[in-house]
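Residue-level structural notes
Each chain is listed here by its residues.
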Amino acid sequence: MNASIDFDRRLARFDVRGSQAHARMLGRIGVLSADEVTRIVEGLAAVLGELERGELQLEARLEDIHMNVEARLTQLIGEAGAKLHTARSRNDQVALDLRLYARDAAEVLMARIDALEAALVGQARRTVDVIAPGYTHLQRAQPVRLGHHLLAYFEMLERDRGRLGDAARRAGESPLGAGALAASSFALDRSGVAAELGFHGVTHNSLDAVGDRDFAIELTAACALTATHLSRLGEELVLWASQEFGFARLPEGYCSGSSLMPQKVNPDIPELVRAKVGRVVGDLVTLLMVVKGLPLAYNKDLQETQEPLYDAVETTAQVLGVMAGLVRGLEFDAARLARAVDGGHLTATELADHLVGRGVPFRRAHDQSGAAVRRAIELGVELRALPLDELRAVAPEVGPDVGEWLDPARAADRRDVVGGPARGRVMDEIARAEALLAARLEPSQ
Ligand code: ARG
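One structure accompanies this document, and this report is about it. Predicted, not measured: the structure shown is a model, and the values here were computed from it. (Residues numbered from 1 in each chain as written. Predicted model: local features only at pLDDT ≥ 70, side-chain atom pairs only at ≥ 80, totals over all residues. Heavy atoms only, no water.)

Scanning the protein from terminus to terminus reveals 18 helices and 8 strands. At 30 Å, the protein has a C-alpha radius of gyration far larger than the 22 Å of a compact globule built from 445 residues. Overall, the protein is about 100 × 55 × 45 Å in size when its C-alpha atoms are taken along their principal axes. Here the protein, with 445 residues, has 50% of them falling under the buried criterion. Long-range pairs, those at least 24 residues apart, make up 75% of the contacts in the protein between residues at least 6 apart in sequence. Summed over all atoms, the accessible surface of the protein reaches about 20,600 Å², with 53% contributed by carbon and sulfur. (Helix = DSSP H or I, 4+ residues; strand = E, 2+ residues; numbered from the N terminus. Rg over C-alpha atoms; globule rule 2.2 N^0.38 Å. Buried < 20%, exposed > 50% of the residue type's maximum accessible area, 1.4 Å probe, protein only. Contact = heavy atoms within 4.5 Å. Areas by Shrake-Rupley, 256 points an atom, 1.4 Å probe, with all protein chains shown as cover.)

As a packed pair, helix α6 (residues 146-170) and helix α18 (residues 423-441) sit with axes 11 Å apart at the nearest point and diverge in direction by 35°. The way α6 lies across α18 gives a crossing that is left-handed. Each of Gly 147, His 148, Leu 151, Phe 154, Glu 155, Glu 158 and Arg 161 in α6 lies in contact with α18, whose residues at this interface are Val 426, Glu 429, Ile 430, Arg 432, Ala 433, Leu 436, Leu 437 and Arg 440. Of the residues in the contact of α6 with α18, the class split is 7 nonpolar, 2 polar and 6 charged. (Axes fitted to C-alpha atoms, helices over the stretch in contact; angles between N-to-C directions. Left-handed = near helix turned anticlockwise from the far one by under 90°. Nonpolar A, V, L, I, M, F, W, Y, C, P; charged D, E, K, R; others polar.)

On to unusual backbone geometry, then. When glycine is set aside, most residues are seen to have a negative phi, and most peptide bonds are trans. The residue after Leu 296, namely Ala 297, is reached through a cis peptide bond having omega 0°. When you line up the elements, Ala 297 lands in the loop between α10 (268-291) and α11 (306-328). For His 137, which is not glycine, the phi torsion reads 55° and is therefore positive. His 137 gets classed as exposed once you look at its relative accessible area, which sits at 73%. One non-glycine residue with positive phi stands out, namely Ala 183, at about 60°. Positionally, Ala 183 belongs in the loop between β3 (173-174) and α7 (190-196). On the accessibility criterion, Ala 183 (39% relative accessible area) is partly exposed.

Enumeration according to the criterion identifies 40 salt bridges in this entry. One salt bridge in this structure joins Glu 434 and Arg 125, with 2.7 Å as the shortest N-O distance. Residue Glu 434 is found in helix α18, and its partner Arg 125 is found in helix α5 (residues 90-126); the two are separated by 309 residues along the sequence. Notably, a salt bridge pairs Arg 274 with Glu 235, separated by 2.5 Å at the nearest N-O pair. Of this pair, Arg 274 sits in helix α10 while Glu 235 is found in helix α9 (residues 214-241), placing the two residues 39 residues apart along the sequence. Judged by its relative accessible area of 28%, Arg 274 falls in the partly exposed class. Looking at Glu 235, the relative accessible area reads 30%, which means it is partly exposed. Because the salt bridges share partners, they merge into one network encompassing Asp 114, Glu 117, Glu 158, Arg 161 and Arg 440. (Salt bridge = Lys/Arg side-chain N within 4 Å of Asp/Glu carboxyl O.)

Taken together, the side chains of Val 281, Val 285, Leu 288 and Met 289 define a hydrophobic patch exposed on the protein surface, amounting to about 320 Å² of accessible area. With respect to the element layout, Met 289 can be found in helix α10. (Patch = residues over 30% accessible without salt bridge, like charges linked within 9 Å, V, L, I, M, F, W, Y side chains within 5 Å.)

Surveying the vicinity of the ligand reveals the residues Ser 4, Asp 64, His 66, Arg 90, Asn 91, Val 94, Tyr 298, Gln 303 and Gln 306. Between a nitrogen atom of the ligand and a side-chain N or O atom of Asn 91, the distance comes to 2.9 Å. Protein coverage of the free-state accessible area of the ligand, which is 340 Å², stands at 85%. Counting residues per element, the shell around the ligand draws most heavily on α5, at 3 residues. Taken together, the residues that form the shell around the ligand break down as 2 nonpolar, 5 polar and 2 charged. (Near = heavy atom within 4 Å. Polar contact = N/O pair within 3.5 Å; in protein donor to acceptor, adjacent residues only side chain to side chain.)

A word on the nonpolar core. Soluble globular proteins: nonpolar side chains tend toward being buried together. Counting residues in each nonpolar core, the largest one holds 107 residues, and the members touching the most others are Ile 40, Leu 116, Leu 219 and Trp 240. In this structure Leu 219 touches Ala 102, Ala 105, Ala 106, Leu 164, Ala 167, Leu 309 and Val 313, once residues within four positions along its chain are discounted. Within the second largest apolar cluster, 16 residues are counted, among which are Ala 352, Leu 355, Ala 376 and Leu 383. (Core = buried A, V, L, I, M, F, W, Y, C linked by side-chain atoms within 4.5 Å.)

Before going further, it helps to spend a moment on the pairing of strand β2 (residues 139-145). Summarising the sheet, strand β1 (residues 131-136) and β2 pair through 6 bridges and their orientation is antiparallel. In the strand pairing of β2, Pro 133 is matched with Pro 143. In textbook terms, the turn of a hairpin is the stretch between consecutive antiparallel strands, and for β1 and β2 this stretch comprises 2 residues, one of which, His 137, has a positive phi near 55°. (Pairing = 2+ DSSP bridges.)

Take Gln 123: it is sitting in helix α5. Only 2.9 Å separates the side chain of Gln 123 from the backbone oxygen of Val 327, close enough to count as a polar contact. Within polar-contact distance, the side chain of Gln 123 engages the backbone oxygen of Arg 328 at 3.5 Å. Among all residues touching Gln 123, those that are not within four sequence positions of it are Leu 150, Val 327, Arg 328, Gly 329, Leu 330 and Phe 332.

Shown next as structure tokens:
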């Protein structure tokens, strides 16, 4: 129960990088000789190599990755290895490793978000001329462009990406030098270590530095929201792929047949995506519960923050990767979507807006349009197919151009405001999204 090696082996490369920076710093302040620093830095690289090649047997007897790495280092280079832990505790060491891990994980997740966003934007461009029913309460409401619907997920993911970036930034203070809890009596160059490891600064309270894991909780929270958004997208794909909707066909590799019913094609992968959020939210709740009530500073409870963090990161990364492939391979059924737009009187609001343009107060126009829909239902036709005289009977102010107003594509295009489904606005947003993604792919100088 005490050993964490089964899961903290994920920290190996961060542990080695952190130890190398620590050793170099001990060299700079005269605690280690130049020769010792070289031997430690090279020895650590050798240990990491062994680990990566699976040559090093990690031992539970040594509890964790920190002790395993140090023990092997000392085996390899002797006495100098035993000096590495000068002016350091496993408490600031693990706090450092986890911050490095969190920052690295955020980068990986953001790159995966970029790939999924690119898939969504690509589909939005391909489907910009497909009109789809927009829904509220899962009832057909107003016509939109399919691309507009897909770009809604782009926006959600952009905010998720921002949250991951925020979490990484706040994890960007080096805790090394906090020691076990009360810092160190050596004249450490904490800023030098921080700069070498890519941190923007150092922590400013040693008890806080070793005693909190809020950066892990924050990253997990960002994962939980990302997974929540992906769960919604998964649900929509399940719906769209159903015979009831029939809006999209999922790429074959993302579906499974039934072991009993030969005709079935089940949307297993979007269903799993929909479900995975449960794990990630569970991870978040676990982390909050582990940390709550802990007295300062370090407590072994904090070891229990590792597994939920890894699980949240790994699950979210997996789901993002799968979703990108799934979205890329979606095939939409434009005819089926058009039929859906054509059933349900989706332009009733347009009729009201048309009447408002002809001087009718909105509330009355709304009632008149409602009466027109009831009349269409009585006659068994769509609102847009209702003859002009029938329309005039319930809404005398109706103009001769009302037919244009009731056309779904024109209805979408009339919603020509920033963030609206008009073709030009959707194209603007596609261009904005593409530019953003392209800029991210450019190497930063
Ligand atoms: N594996 C431990 C953890 O995750 C490392 C720190 C151990 N520190 C201690 N004082 N026992 O927290």
